[in-house]
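Listed below are the residues making up each chain.
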Amino acid sequence: FKDVPQVTRNQDGRIYGVSYWPQSRFLSSMSHQNPESHQDILDIILTFDTDHPYIREDMISCVLSMPADLAEKFVKKEILWARKQKYLDTIYISLAGKLALQISDSNKQLALEFAEALIDVVPAKKKDLDKASFKCREWEYKELLKKYIKKVMINTSVNGVEKIAALLNKAM
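Residues numbered from 1 in each chain as written. Predicted model: local features only at pLDDT ≥ 70, side-chain atom pairs only at ≥ 80, totals over all residues. Heavy atoms only, no water.

### So, the overall build of the protein chain
The condition is simple: Only DSSP runs of H or I reaching four residues or more are called helices, and only runs of E reaching two or more are called strands; each is numbered from the N terminus. Residue burial is assigned from relative accessible area. The probe radius is 1.4 Å, only protein chains are included, and a residue is buried under 20% of its type maximum, exposed over 50%, and partly exposed in between. In this analysis, two residues are considered to be in contact whenever any of their non-hydrogen atoms come within 4.5 Å of each other. Surface accessibility in these figures is a Shrake-Rupley result with a 1.4 Å probe; residues are shielded only by whichever protein chains are displayed.
Counting its secondary structure elements, the protein chain contains 7 helices and 2 strands. Scanning the protein chain from its N terminus toward the C terminus, one meets helices and strands in the order β-β-α-α-α-α-α-α-α. Split into buried and exposed, the 172 residues of the protein chain put 41% on the buried side. Excluding contacts between residues fewer than 6 apart, the proportion of contacts in the protein chain whose partners are at least 24 apart in sequence is 70%. Of the roughly 9,700 Å² of accessible surface on the protein chain, 53% is carried by carbon and sulfur atoms.

Listed below in structure tokens is the structure:
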């Protein structure tokens, strides 16, 4: 697990030419099949430093099978990573939304912070001041809001609604 694959980016910053990494797939499978391994798997995936979309998806898949206290440790680090991203992959955005909803029962504030990192918009470049963009395709953004973020907002009360509304307003 020491040689985590990195990604290649084009001039626009988009990732291309990636393939699945069997090691992360193995961890995902083990996490779902063997609950006794959760802490060990979490310790391993917390060391991964990669933008590789398939590995990020596998990491979240691992965490979705873990109890809330372990999932929260992962989400704290994942928020920092998600905030830096200009684009989030289709499957990642769906799994991450599911994870935000899952932890909203145990840690409302953390769930809200994660939801904010996922739905935040990418600022426009100086030459295109009116063209801020989503971190995913518009359809994916709508699905994220409808399936997960809406429920996170309900679980996190008025404060959550206000924060999410401010982000949506920023997107417009």
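### Thoughts on the confidence of the model for the protein chain
Heads up, the condition is: Residue-level confidence of the predictor, termed pLDDT, takes values from 0 up to 100.
Residues with a pLDDT of 70 or more make up 88% of the protein chain, whose mean pLDDT is 86. By mean pLDDT, the top-scoring element of the protein chain is helix H2 (residues 38-45) (98), and the lowest-scoring one is helix H7 (residues 138-171) (76).

### Describing the packing of aromatic side chains
Note the cut-off: Ring geometry is summarised as follows: Phe, Tyr and Trp rings, the Trp one being its six-membered ring, pair when their centres sit within 6.5 Å, and such pairs are stacked at plane angles under 30 degrees, edge-to-face over 60 and tilted between the two.
Following the criterion strictly, the structure yields 3 aromatic pairs and no others. Look at Tyr20 and Tyr54: their rings are 4.1 Å apart centre to centre, the planes differ by 20°, and that puts the pair in the stacked class. Of this pair, Tyr20 sits in the loop between strand E2 (15-16) and helix H1 (22-33) while Tyr54 sits in helix H3 (residues 53-64), and the two are 34 residues apart along the sequence. The exposure class of Tyr20 is partly exposed, given its relative accessible area of 46%. Aromatic side chains Trp21 and Phe48 sit 5.6 Å apart centroid to centroid with 70° between the ring planes, which places their arrangement in the edge-to-face category. Taken together, the positions of Trp21 in the loop between E2 and H1 and Phe48 in the loop between H2 and H3 put the pair 27 residues apart, joining distant regions of the chain. Per residue, the accessibility class of Trp21 equals that of Phe48, and both read buried.

### What about H2?
This is how the line gets drawn: Throughout, the arc means the angular range of directions from the helix axis out to the C-beta atoms.
Taken together, the buried positions of H2 are occupied by His38, Ile41, Leu42 and Ile45. Axial view of H2: buried residues confined to an arc of 100°, hence all on one face. If you follow the buried residues of H2, they end up packed against H1, H3 and helix H4 (68-84).

### Some remarks on the environment of Pro5
Tracing the chain through its elements places Pro5 in the segment before strand E1 (8-9). Along the backbone, Pro5 and Trp21 are 16 residues apart, and their C-alpha atoms lie at a distance of 7.6 Å. Not counting residues up to four positions away in its chain, the partners in contact with Pro5 are Trp21, Thr50, His52 and Ile55.

### Remarks on the pattern of salt bridges
One side chain can pair with another of opposite charge once the charged atoms of both are near each other. Definition in use: Salt bridges, as used here, are contacts in which a Lys or Arg side-chain nitrogen is within 4 Å of a carboxyl oxygen on Asp or Glu.
Considering all chains together, one arrives at 8 salt bridges under this definition. Between Asp58 and Arg25 there is a salt bridge, with the nearest N and O atoms lying 3.0 Å from each other. With Asp58 in helix H3 and Arg25 in helix H1, this residue pair connects regions lying 33 residues apart in the sequence. By relative accessible area, Asp58 is classed as buried at 5%. A salt bridge links Lys146 to Glu143; the nearest nitrogen and oxygen atoms lie 3.2 Å apart. Taken together, the positions of Lys146 and Glu143, both in helix H7 and 3 residues apart, correspond to about one turn of that helix.

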